[in-house]
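# Coordinate analysis (summary)
Listed below are the residues making up each chain.
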Amino acid sequence: MIGALPWWQRALKRAVDIGIAFFTLLILAPLLLGIALLVLLGSGLPLLHREQGIGQFGRPFTLRKFRTLKRRNKRGSSVAQESDSRITRVGRPLRHSRLDCLPLLWNVLRGDMSLVGPGPMAPHHLNTLDRAVCEALLSVRPGLTDPALILYFAEDAVLATRPDAEAEYVRVLLPAKVRVQLNYLWNWTPLLDIRIILHTV
């Protein structure tokens, strides 16, 4: 398991996170500026959506993504279906391609997240899990990508057919994703991280 690895292997993983996140932000700077402009022209300010996630050892942190939901919409399910009326016209292709998540690379640089690891969870989703499962997931930094994100890439489309997307997510999708994430933690290797990053791209 990652949390039980020798310090030098954990340090190597962190060094790779910093290096890739820094150069990716540098290379994608024009794309990030272009997306920011589209969000601004399409639905105004703010450009970024901020939400609280739970990081390593249970420390809260702020996730930053490009805003894909309409402004002044604080109410409703925390799970946005593909057909959700709250999604903006610009936000729909951003969510579909996951380009809205690019600002999370800043969280990787800050040390809040890793490039690969269990996806960050909202506190109320984490509270539905067993304590031992929570401790395992929180033993490492949450990831920008992970095998569960790849496997359930189309979850928004699946949830679009359900009358209660939040309940369906907590009852079916969340436990399924957690099983995949735990399997990743117990079978981690540097090569596995590389494969996941390439598959994500």
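Up top is the structure these notes are about.
Note that the structure is predicted; figures quoted are calculated from it, not measured. (Residues numbered from 1 in each chain as written. Predicted model: local features only at pLDDT ≥ 70, side-chain atom pairs only at ≥ 80, totals over all residues. Heavy atoms only, no water.)

Attention now goes to the overall build of the chain. Counting its regular elements, the chain contains 10 helices and 4 strands. Listing every helix and strand of the chain by position from the N terminus yields α-α-β-β-α-α-β-α-α-β-α-α-α-α. Taken against the 2.2 N^0.38 rule, which gives 17 Å for 201 residues, the C-alpha radius of gyration of the chain at 17 Å falls within 12% of a compact globule. Each principal axis of the C-alpha atoms in the chain carries an extent, and together these give about 50 × 40 × 30 Å. When the 201 residues of the chain are sorted by exposure, 43% land in the buried category. In the chain, the proportion of contacts linking residues at least 24 apart, taken out of those at least 6 apart, comes to 68%. Accessible area of the chain: about 11,500 Å², with a carbon and sulfur share of 63%. (Helix = DSSP H or I, 4+ residues; strand = E, 2+ residues; numbered from the N terminus. Rg over C-alpha atoms; globule rule 2.2 N^0.38 Å. Buried < 20%, exposed > 50% of the residue type's maximum accessible area, 1.4 Å probe, protein only. Contact = heavy atoms within 4.5 Å. Areas by Shrake-Rupley, 256 points an atom, 1.4 Å probe, with all protein chains shown as cover.)

Here we take up the pairing of strand β2 (residues 60–66). Across 7 bridges, strand β1 (residues 48–54) lies against β2 in antiparallel orientation. Along β2, the bridge assignment pairs R50 with R64. Where β1 hands over to β2, the hairpin turn is made up of 5 residues, of which F57 adopts a positive phi near 65°. (Pairing = 2+ DSSP bridges.)

Time to look at the environment of F22. Note that F22 resides in helix α1 (residues 7–27). Look at F22 and you get partly exposed, because its relative accessible area is 43%.

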